[in-house]
Amino acid sequence: LGSASPQFVLYSYTVECTVAKLHFLYSYFLFFFLTAIRVIGQSATVTVGQDATLFCQLVETNERLTRITWQKRTREILTNKNFFYITPEGKTESVNGLGDRTEFIGDIKEIIGTILLRKVTLLDEGIYTCIFNVFPSGPFETEIHLNIQVAPVVDVTTDVIPVAGGSEVILATCTAVKARPAADVSWRLGALSTSVKVQTNISADPDGTFAVKSFLTGVASKDLNQQKVQCLVNHTTWKEELILDYALIIHYPPQVVYIISVNVVTSEEFQCVVDANPRPTFTWSRENKALSRHVDADRLIIPLTSDSNGLYLCNVSNQYGNGTGTLYMQVSRESTTVCWVLFSFLLLGFIATCLLEWKFNVFERLRTFLSELRNRTRHDPVSTGSSMSHSRSRSQDH
C-alpha cells in the first residue's frame, strides 16, 4: 500500500468485506428463490353446467407428503372453508356439501393435487386454496380463481305495443338477461338508422348475473309497421354472434275504406278493404233496407237484380278508431236483357262464321278432287291403245 495511512487501509478492507457479503447474500437469495418449495396453480373459467379442472402442484421438494387439503371462499362462504382432503395413499374425503361432485384427478407421486369439480353452478365461483402439508417444512399453498360464465337468455319483444302518434315511444326491446359476464347487445337497422334511436341499460342481479336491455325508440307511425330490424347479441360463451330478426308492430286506426268486386265474372261478391292494425271488425248495412244475403266478415254477396239497387255501407273499427266505405248499386233489368241478347247474337255470329268456313273448305276440296278425276279419265284411253299397238307390232315381226 506504499505510504497509505492505517486508517485508509482499514476503510478499504471494510468496503471489500461489505461488497463480498452483499454478493453472497444476493447469490443465496437467488438460489433460495429459484429453488424454494412452492405451489403452482392455474385459474379456470368455465360455463355453468360444465366440469372445472383445478390444477395445483408442489415443486422443488423431496419431503414427505402428509396431506393435501382444498378450501374454498365464495359469495356465500366469505372465509376459507375445507371441502376436500387427499391422503398420501390417494384416498379422498369430501366434506361440507360438495359430495360426489369433487374428484381427485392428480398424481401423488408427482405431488399433483388437481381436482375435477363436476357440473359447476354459479354458486361455485370463488377462490379455491390448494394446501400441501409436507414434513418437516410444513404447509405450502396457492390460491386458484374459478370464474363461472353463464350464457344469456335472449329475446326481442315489445312490452307495450306502440300506437301511431306524434310522441317518441319504445318500438322494440332486445334483452339478454341472466348472463355472466354481461352480453354485448346492438342493432342492425338498415334504412331505419336515421329515424330511430338506441338506448342500452345494464344492471346487476343479486345472483351475480347481468341483465342488458337495449331499447329501440322513435315516433310510431303506420309506415313503421312490419319494418324489419335485427338484434345482434355477442357473449363469451358463444363462438358466433346471435342474430334475432324482428318485425316492428305498430297499432293504428282504420285508414281509407273502399269496396271492390271480388268475382269479375258474376260481380255478385264484394269485399271491404281497409288498412288497419289490429285487424278491425266489419259491419255491413244497407240504407233503408235489410240485407238479403249472408254476410261473411269482410265480404258480401249482392244479387245482380233490380231489387238490389241502393246504397251499401261497410263500417270497420278497432280500439283506435273506425271508418266507413260505401257502394251504390244500380242494376237495370232491361240493360241486363239487352246484354244477354247482344251476347247471343255474338255467339250465333261466331258459330255461323265457323260453319261457313268449314263448308267452304269442304266444297273446295270436293271441287279439286273432281277436277283431278276428270283429267285422269281423259288421258287413260290413249295410254292403253298405244300399249296394244306396240304389242301387235311385235307379234307381226315374229
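Being a predicted model, the structure only gives us computed values, none of them experimental. (Residues numbered from 1 in each chain as written. Predicted model: local features only at pLDDT ≥ 70, side-chain atom pairs only at ≥ 80, totals over all residues. Heavy atoms only, no water.)

Asker: Looking at this model, I keep getting lost on the overall build of the protein. Mind explaining?
Answerer: Secondary structure summary: the protein contains 2 helices and 24 strands in total. Counted over contacts in the protein with a minimum sequence separation of 6, partners at least 24 positions apart contribute 57%. Surface summary for the protein: the accessible area is close to 25,800 Å², and the carbon and sulfur share equals 57%. (Helix = DSSP H or I, 4+ residues; strand = E, 2+ residues; numbered from the N terminus. Contact = heavy atoms within 4.5 Å. Areas by Shrake-Rupley, 256 points an atom, 1.4 Å probe, with all protein chains shown as cover.)

Asker: Teacher, can you tell me more about the sheet that holds strand β2 (residues 44-47) here?
Answerer: Consider a sheet: its strands pair through backbone hydrogen bonds, and that pairing is either parallel or antiparallel. Taken together, the 6 strands give an open sheet; going across it, the order is β2-β10-β9-β4-β5-β6, and neighbouring strands pair in mixed fashion. The sheet is open, and its two edges are formed by β2 and β6 (92-94), each paired on a single side. In this sheet, adjacent strand axes meet at a mean angle of 25° when their direction is disregarded. Here β2 pairs with strand β10 (residues 138-149) via 4 bridges, running parallel. (Pairing = 2+ DSSP bridges. Axes fitted to C-alpha atoms, helices over the stretch in contact; angles between N-to-C directions.)

Asker: Please explain unusual backbone geometry as it appears in this structure.
Answerer: In this model, Arg180 is joined to Pro181 through a cis peptide bond whose omega is -5°. Along the chain, the position of Pro181 falls in the loop between β12 (168-179) and β13 (184-188). Even without glycine at this site, Ile111 takes up a positive phi of about 55°. Mapped onto the elements, Ile111 comes out in the loop between β7 (102-104) and β8 (115-117).

Asker: Whenever I open this one, the pattern of salt bridges confuses me. Can you help?
Answerer: Counted by the stated rule, this structure contains 10 salt bridges. Glu125 is the salt-bridge partner of Arg75, the closest N and O atoms lying 3.7 Å from each other. A residue pair is termed long-range when its members are at least 10 positions apart, and Arg75 in the loop between β4 (64-74) and β5 (81-86) and Glu125 in the loop between β8 and β9 (126-135) qualify at 50 residues. With relative accessibility at 39%, the residue Arg75 sits in the partly exposed group. A relative accessible area of 10% places Glu125 in the buried class. Members of the salt-bridge network, linked through shared partners, are Asp51, Glu103 and Arg118. (Salt bridge = Lys/Arg side-chain N within 4 Å of Asp/Glu carboxyl O. Buried < 20%, exposed > 50% of the residue type's maximum accessible area, 1.4 Å probe, protein only.)

Asker: How should I be thinking about the pairing of β12 in this particular structure?
Answerer: Two faces belong to every sheet, and in a regular strand the side chains alternate between them. As defined by bridge partners, strand β11 (residues 153-157) adjoins β12 across 5 bridges and the pair is classed as antiparallel. Directly across from Val154, in β12, lies its bridge partner Ala176. Across 9 bridges, β12 lies against strand β15 (residues 210-219) in antiparallel orientation. Looking at the pairing, Ile170 lines up with Thr217 of β15.

Asker: Whenever I open this one, the side chain of Arg286 confuses me. Can you help?
Answerer: Secondary-structure assignment places Arg286 in strand β20 (residues 281-286). Once residues within four sequence positions are removed from consideration, Arg286 is found in contact with Leu291, Asp307, Ser308, Asn309, Leu311 and Tyr312.

Asker: Help me understand the nonpolar core, please; the structure alone is not making it clear to me.
Answerer: One recurring pattern in soluble globular proteins: nonpolar side chains tend to sit buried together. Core analysis: the largest hydrophobic core is formed by 29 residues, its most contacted members being Leu54, Trp70, Phe132 and Leu146. Contributions of two or more residues to this core are made by β2, β3 (52-59), β4, β5, β8, β9 and β10. Within the second largest apolar cluster, 21 residues are counted, among which are Leu171, Leu192, Cys231 and Val233. (Core = buried A, V, L, I, M, F, W, Y, C linked by side-chain atoms within 4.5 Å.)

Asker: Looking at this structure, I do not really get the environment of Ile202. What am I missing?
Answerer: Checked against the element boundaries, Ile202 lands in strand β14 (residues 197-204). By relative accessible area, which is 57% here, Ile202 ends up exposed. On a C-alpha basis, the gap between Ile202 and Ala176 in space is 9.6 Å, while along the polypeptide they are 26 residues apart. Those residues within four positions of Ile202 in sequence are excluded, and the remaining contacts are Ala182, Phe210, Ala211 and Val212.

Asker: Quick question: what am I supposed to make of a nonpolar patch on the surface here?
Answerer: The grouping of Val256, Tyr258 and Ile260 at the surface amounts to a nonpolar patch, some 290 Å² of accessible area in total. Within the secondary structure, Ile260 sits in strand β18 (residues 257-261). When its relative accessible area of 34% is taken as the criterion, Ile260 is described as partly exposed. (Patch = residues over 30% accessible without salt bridge, like charges linked within 9 Å, V, L, I, M, F, W, Y side chains within 5 Å.)

Asker: Would you mind showing me how to read the state of the cysteines here?
Answerer: Covalently bonding the sulfur atom of one cysteine to the sulfur atom of another cysteine gives a disulfide. Per the stated rule, a full pass over the model turns up 3 disulfides. Put simply, Cys56 and Cys130 are joined by a disulfide, and their sulfur atoms are 2.0 Å apart. Disulfide Cys56-Cys130: torsion about the S-S bond near 50°, hence right-handed. Note that Cys56 is positioned in strand β3 and Cys130 in strand β9, a separation of 74 residues in sequence. Here Cys56 and Cys130 have matching classes, each one buried. Bridging Cys272 to Cys314, the disulfide has an S-S length of 2.1 Å. Its S-S torsion of about -105° marks the bond between Cys272 and Cys314 as left-handed, since a negative value means left-handed. Taken as a pair, Cys272 in strand β19 (residues 269-274) and Cys314 in strand β23 (residues 310-318) lie far apart in primary sequence, 42 residues in all. The class for Cys314 is buried, based on a relative accessible area of 0%. The connectivity of the disulfide-linked cysteines in the protein, indexed sequentially, is 1-2, 3-4, 5-6. (Disulfide = S-S within 2.5 Å.)

Asker: Is there a simple way to explain the sheet that holds strand β17 (residues 242-247) in this structure?
Answerer: Reading across from one edge, β13-β16-β17 is the order of the 3 strands in this open sheet, with antiparallel pairing throughout. In the strand order of this sheet, the two ends are held by β13 and β17, each with one partner. Going across the sheet, the axis of each strand differs from the next one's by a mean of 25°, ignoring polarity. In this structure, β13 lies alongside strand β16 (residues 228-234), joined through 5 bridges in antiparallel fashion. Among the inter-strand pairings, Ser186 is bridged to a residue of β16, identified as Leu232.

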